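Here are the chains, one letter per residue:
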Amino acid sequence: MRRLALPDGSRIPVIGQGTWRMGERGAERAAEAKALRAGLDLGLTLIDTAEMYGNGGAEEVTGEAIAGRREEVYLVTKVLPQNASRKGTIQACEQSLKRLGTDHVDLYLLHWRGGHPLAETLDAFLDLQRQGKIRSFGVSNFDPADLTEWLALPGAETTQTNQVLYNVTARGIEFDLLPQQARLGIPIMSYCPLAQGDARTLTALEPIARRHQATAAQVLLAWVIRHPHVFAVPKSRNIDRLKENAAAADIVLSPQDLTEIDAAFPPPKKARPLEMV
Ligand SMILES: NC(=O)c1ccc[n+]([C@@H]2O[C@H](COP(=O)([O-])OP(=O)(O)OC[C@H]3O[C@@H](n4cnc5c(N)ncnc54)[C@H](OP(=O)(O)O)[C@@H]3O)[C@@H](O)[C@H]2O)c1
């Protein structure tokens, strides 16, 4: 699996695993943990979770999946904005660590900007880092102005990533956020890189997929990670699809493929509000 270097030097796989909608139903937890472990075996060793997903359930499933294999995993979780006060962030992180069954996460993100002052969240991140409970920190769903404000805070210069919606149907960041982050050397973590499996999007990419003897989902992923500053966290509970997703890292799209994708899913011509799901 191709790797990308974060500002702190961590070399992470360009394709990892998302966990949204996992841990919501008890009966499915064992299968979900099994899928995450299969993903690890395939090299999808970055796992993205959040205290929000399944009300902590996704972190518990992740904890089950990584038990005994913690050192293989680059583990990412997120604090909810309503918990992101100075004290609340510390408490939220400690609860996440319990559910994950580990003493530290590799990357801790603010899930989106809420009512607590950014400086408080950052202070808590720096404190958690000093305590060894998080290795690094970052943000999510920050638009260019939010990111500029965040990065102006003392201590924020070691921000590792901004996790945002990015796929062929949501290209707004190409106009401003992506070039801004590329200039700063802060990679983008793409969420919903598969457009959540949207059938119309997949169908539109079929002709390109056929040329590569690949699937449309693989074309979606290859397209997202074509940029040297972008890595992605697709989610699947299905082991055959996980295999597909891992193999997508080897697909190189041609100029013709990219032109066809631009025709079907045009790039932005002006700034757009940051899209979120
Ligand atoms: N920071 C944020 O605000 C935020 C927001 C949304 C998501 N996220 C993160 O990003 C991750 C990914 O986003 P997402 O889960 O919403 O959407 P996604 O990864 O774009 O798509 C997931 C959907 O695609 C299907 N799928 C997976 N692999 C496939 C393949 N090879 N072929 C066809 N379909 C496939 C999955 O079904 P199966 O499971 O049945 O395969 C699932 O229905 C999340 O899990 C979460 O970790 C973060």
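None of these values were measured; they are calculated from a predicted model. (Residues numbered from 1 in each chain as written. Predicted model: local features only at pLDDT ≥ 70, side-chain atom pairs only at ≥ 80, totals over all residues.)

### Here we look at the sheet that holds strand 4 (residues 46-48)
Spatial ordering of the open sheet is given by 3-4-5-6-7-8-9-10, a layout of eight strands whose pairing is parallel. The two strands at the open ends of the sheet, each matched to only one other strand, are strand 3 (17-18) and strand 10 (230-232). (Pairing = 2+ DSSP bridges. Helix = DSSP H or I, 4+ residues; strand = E, 2+ residues; numbered from the N terminus.)

### Concerning the site of the ligand
Residues in contact with the ligand amount to 26 residues; listed here are only the nearest, G18, L194, G197, A217 and K235. Considering each element in turn, the shell around the ligand owes the most residues, three residues, to helix 10 (residues 239-247). Taken together, the residues of the shell around the ligand sort by class into 10 nonpolar, 11 polar and five charged. (Near = placed C-beta within 6 Å. Nonpolar A, V, L, I, M, F, W, Y, C, P; charged D, E, K, R; others polar.)

### Quick notes on the environment of Y74
Within the secondary structure, Y74 sits in strand 5 (residues 74-79). Residue classification places Y74 among the partly exposed residues on the basis of 18 C-beta atoms within 10 Å. In the structure, Y74 is positioned 63 residues away from R11 in sequence and 9.3 Å away in space, judged by C-alpha atoms. Once residues within four sequence positions are removed from consideration, Y74 is found in contact with S10, I12, T45, L46 and D106. (Buried ≥ 20, exposed ≤ 12 C-beta atoms within 10 Å, placed from the backbone. Contact = placed C-beta atoms within 7 Å.)

### Here's the deal with the packing of helix 1 (residues 29-41) against helix 2 (residues 57-66)
Two numbers describe how helix 1 lies on helix 2: the axes approach to 8 Å, and their chain directions differ by 55 degrees. One finds that helix 1 runs oblique with respect to helix 2. Here helix 1 runs over helix 2; the crossing is right-handed. Residues R29, E32, A33, L36 and R37 of helix 1 pack against V61, T62, E64 and A65 of helix 2. (Axes fitted to C-alpha atoms, helices over the stretch in contact; angles between N-to-C directions. Parallel < 35°, antiparallel > 145°, perpendicular 65-115°, else oblique. Left-handed = near helix turned anticlockwise from the far one by under 90°.)

### Quick notes on the packing of helix 9 (residues 216-224) against helix 10
Close contact between helix 9 and helix 10 brings their axes to 8 Å; oriented N to C, the two are set at 40 degrees. One element, helix 9, and the other, helix 10, form an angle in the oblique class. Between helix 9 and helix 10 lies a crossing of right-handed hand. When helix 9 is examined against helix 10, the residues A217, Q218 and L221 are found in contact with a partner set consisting of E244, N245 and A247.

### Here's the deal with the pairing of strand 5
Of all six residues in strand 5, five are buried; the element is thus mostly enclosed. Two strands pair when backbone bridges link them, and strand 4 and strand 5 are joined in this way by three bridges, in the parallel orientation. Counterpart to L46 in the pairing with strand 5 is Y74. Viewed along the sheet, the connection from strand 4 through helix 2 into strand 5 turns out right-handed. Strand direction decides the pairing type here: strand 5 and strand 6 (residues 105-110), joined by four bridges, are parallel. Note on strand 6: the bridge partner recorded for K78 is L109. (Right-handed = clockwise from strand over helix to strand, strands pointing away.)

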